[in-house]
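Next come the chains, spelled out residue by residue.
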Amino acid sequence: MKPFLRQQLARYADRLAELEFLLSREDIMKDMSQFLTLSREHTEVAAVASRWARYQQREADLASARDMLADPDMAEMAQEEVDSASAEIAQLEAELQRMLLPKDPDDARNAFVEIRAGTGGDESALFAGDLLRMYTRYCERRGWKTEIISESPSELGGYKEVVLRVEGDNVYGALKFESGGHRVQRVPATETQGRIHTSACTVAVLPEPDEAQAIQINPADLRIDTYRASGAGGQHINKTDSAVRITHIPTGIVAECQDGRSQHSNKAQALKVLTARIQEKDRSERAAKDAAQRKSLIGSGDRSDRIRTYNFPQGRLTDHRINLTLYKLLYVMEGELDDVVEALQAYEAAQQLAELEVGVT
């Protein structure tokens with residue numbers, strides 16, 4: 001294990017002792033807010049400290065076993081202990097590295113996935129529909145719940161724009177790297193000459209705001225319009241002006257919802273989307289300032305970034321940020337995104353670890 005990691009882990013043992021002392025004090029036990037905050041920190045610190053203690057114990061076991069290898073009578077048993085301790089040490093080191101990485105508090109949140117057709121006309125709208133299906137199938141595989149918040153169908157199929165809400169465990173942490181430009185290369189169904197066309201869609205993944213921590217929006221800054229929903233939905237959808245469009249006047253950001261059966265539920269959902277978009281705008285502006293100091297190779301998540309190419313003639317998916325190429329495109333389009341998501345998460349973890357090392361040295 002690298003020295004800088006040992007330095008970091010040694011601090012956890014010290015901090016654990018401090019927290020146990022603080023939590024035993026009567027004045028802190030009487031302050032429920034402070035007590036709960038320290039208790040949560042104690043749980044997190046104790047988890048790291050216990051794994052670090054186990055790591056140190058197995059290191060000592062390994063050293064003892066290696067000393068015993070010189071004894072012919074003990075060599076076989078010692079070798080078994082060397083192998084066992086070495087394997088557990090490697091596993092513990094990987095666990096400890098993950099535990100030391102900074103956590104994005106938004107990773108555990110639900111998310112909105114916005115897909116918009118870009119260059120390519122009807123073919124782009126069809127590809128937007130394919131992406132929606134891909135994400136929906138992936139969510140089903142993960143056991144997440146999905147619902148379409150708003151949609152603008154294209155005449156030939158697919159979508160000009162569609163917004164999907166995803167609910168489940170660690171949704172944003174898995175989907176956040178999908179933000180950016182998605183390019184498709186294939187022969188459209190309308191192409192009579194068999195020529196390959198290139199078109200594109202943009203995807204934006206936004207964490208659903210925590211109502212307790214969401215930014216406060218002045219009602220006077222909102223313009224709320226109601227209209228009659230269009231599209232699928234049976235007879236009911238055309239009888240009332242249940243669809244809602246909310247405009248945040250200072251920024252010009254707009255959100256709408258037409259999926260619910262009541263104007264009240266559509267307004268509440270549209271307000272959530274609007275809040276998420278305003279917070280994402282703030283986040284993007286902060287990220288742009290940070291990017292002036294250091295550029296992340298995994299991309300800014302800006303919608304204009306071309307992050308991925310889907311090449312159907314070659315059955316190839318390429319993620320340009322990490323130079324990942326997979327020749328299993330049809331499986332990916334059926335929702336088998338695990339290889340892509342895990343590669344991006346591993347790359348982010350490696351970057352964070354490198355930054356942690358730089359910050360210590």
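In the block above lies the structure referred to throughout.
Keep in mind it's a predicted model, so treat the numbers as computed, not measured. Numbering of residues starts from 1 in each chain and follows the order in which that chain's sequence is written. The predicted nature of this model means local features are confined to residues of pLDDT at least 70 and side-chain atom pairs, given and counted, to a pLDDT of 80 or more, with totals for whole chains, interfaces and linings taken over all residues. Remark: hydrogens and water are excluded; side-chain values derive from all non-hydrogen atoms of the structure.

Asks: Break down the sheet that holds strand E9 (residues 306–311) for me, citing the residues and quoting the values.
Replies: In this description, strands pair whenever DSSP reports at least two bridges between them. Helical segments are the DSSP runs of H or I of at least four residues, strand segments are the runs of E of at least two, and each set is numbered from the N terminus. Across the sheet, eight strands lie side by side as E2-E3-E1-E5-E4-E9-E10-E11; this open sheet has mixed pairing. Two strands bound the open sheet, and with one partner strand each, they are strand E2 (145–153) and strand E11 (324–326). Each neighbouring strand pair of the sheet contributes to a mean axis angle of 15°, computed without reference to strand direction. Axes here mean lines fitted to C-alpha atoms, for a helix over just the part in contact, with angles spanning 0 to 180 degrees between N-to-C directions.

Asks: Lay out the pattern of salt bridges in plain terms, naming residues and giving numbers.
Replies: Salt bridge, as used here: a side-chain nitrogen of Lys or Arg that lies within 4 Å of a carboxyl oxygen of Asp or Glu. Summed over all chains, the structure comprises 31 salt bridges. A salt bridge links Glu18 to Arg15; the nearest nitrogen and oxygen atoms lie 2.9 Å apart. Of this pair, Glu18 and Arg15 both sit in helix H1 (residues 3–23), separated by three residues, roughly a single helical turn. For every residue, the accessible area obtained with a 1.4 Å probe (protein chains only) is divided by the maximum for its type, and the residue is called buried under 20%, exposed over 50%, and partly exposed between those limits. For Arg15, a relative accessible area of 25% corresponds to the partly exposed category. A salt bridge links Asp339 to Lys328; the nearest nitrogen and oxygen atoms lie 3.0 Å apart.

Asks: Tell me about the side chain of Thr247, and name the residues and values.
Replies: Residue placement: Thr247 occurs in strand E7 (residues 243–248). In this structure Thr247 comes out as buried when scored by relative accessible area, which is 7%. For Thr247, the contacting residues outside a window of four places in its chain are Asp221, Leu222, Arg223, Ile253 and Val254. Contact definition: two residues touch when any of their heavy atoms are within 4.5 Å.

Asks: Now, about the environment of Arg141: what can you tell me, with residues and values included?
Replies: The topology assignment puts Arg141 in helix H5 (residues 121–142). Taking C-alpha positions, Arg141 is 9.7 Å from Leu337, a pair spaced 196 residues apart along the chain. What qualifies as a polar contact is a pair of N or O atoms within 3.5 Å, subject to a donor-acceptor requirement within protein and to the restriction that residues adjacent in sequence count only when both atoms come from side chains. At 3.3 Å, the side chain of Arg141 and the backbone oxygen of Gly335 are in polar contact.

Asks: Quick rundown of the environment of Val163? Include the residues and the values.
Replies: Considering the arrangement of structural elements, one finds Val163 in strand E3 (residues 159–167). According to the relative accessible area criterion, Val163 is buried, its value standing at 1%. When the C-alpha atoms of Val163 and Arg116 are compared, they prove to be 8.7 Å apart, with 47 residues separating the residues in sequence. Val163 has contacts with Phe112, Val113, Glu114, Glu147, Ile148, Ile149, Ser150 and Arg277, leaving out every residue within four places of it along the chain.

Asks: Now, about unusual backbone geometry: what can you tell me, with residues and values included?
Replies: You will see that Asn170, though not glycine, has its phi angle at about 55°, which is positive. Structurally, the position occupied by Asn170 is in the loop between E3 and helix H6 (171–175). Overall, Asn170 belongs to the partly exposed group, its relative accessible area being 44%. Positive phi, close to 55°, is recorded for Asn323, a residue that is not glycine. Mapped onto the fold, Asn323 is located in the loop between strand E10 (316–319) and E11.

Asks: Which residues make up the nonpolar core, and what values go with them?
Replies: Core analysis: the biggest nonpolar cluster contains 37 residues, and Val113, Ile115, Leu131 and Tyr310 have the highest contact counts within it. Looking at this core, the elements that each hand over two or more residues are strand E1 (111–117), H5, E3, H6, strand E5 (197–207), E11, helix H8 (329–333) and helix H9 (338–360). No other element matches the eight residues that H5 contributes to this core. Sequence-distant contacts of Leu131, defined by excluding residues within four places in its chain, comprise Ile115, His182, Cys201, Val203 and Tyr310. Buried Ala, Val, Leu, Ile, Met, Phe, Trp, Tyr and Cys residues form a nonpolar core when they are joined through side-chain atoms within 4.5 Å.

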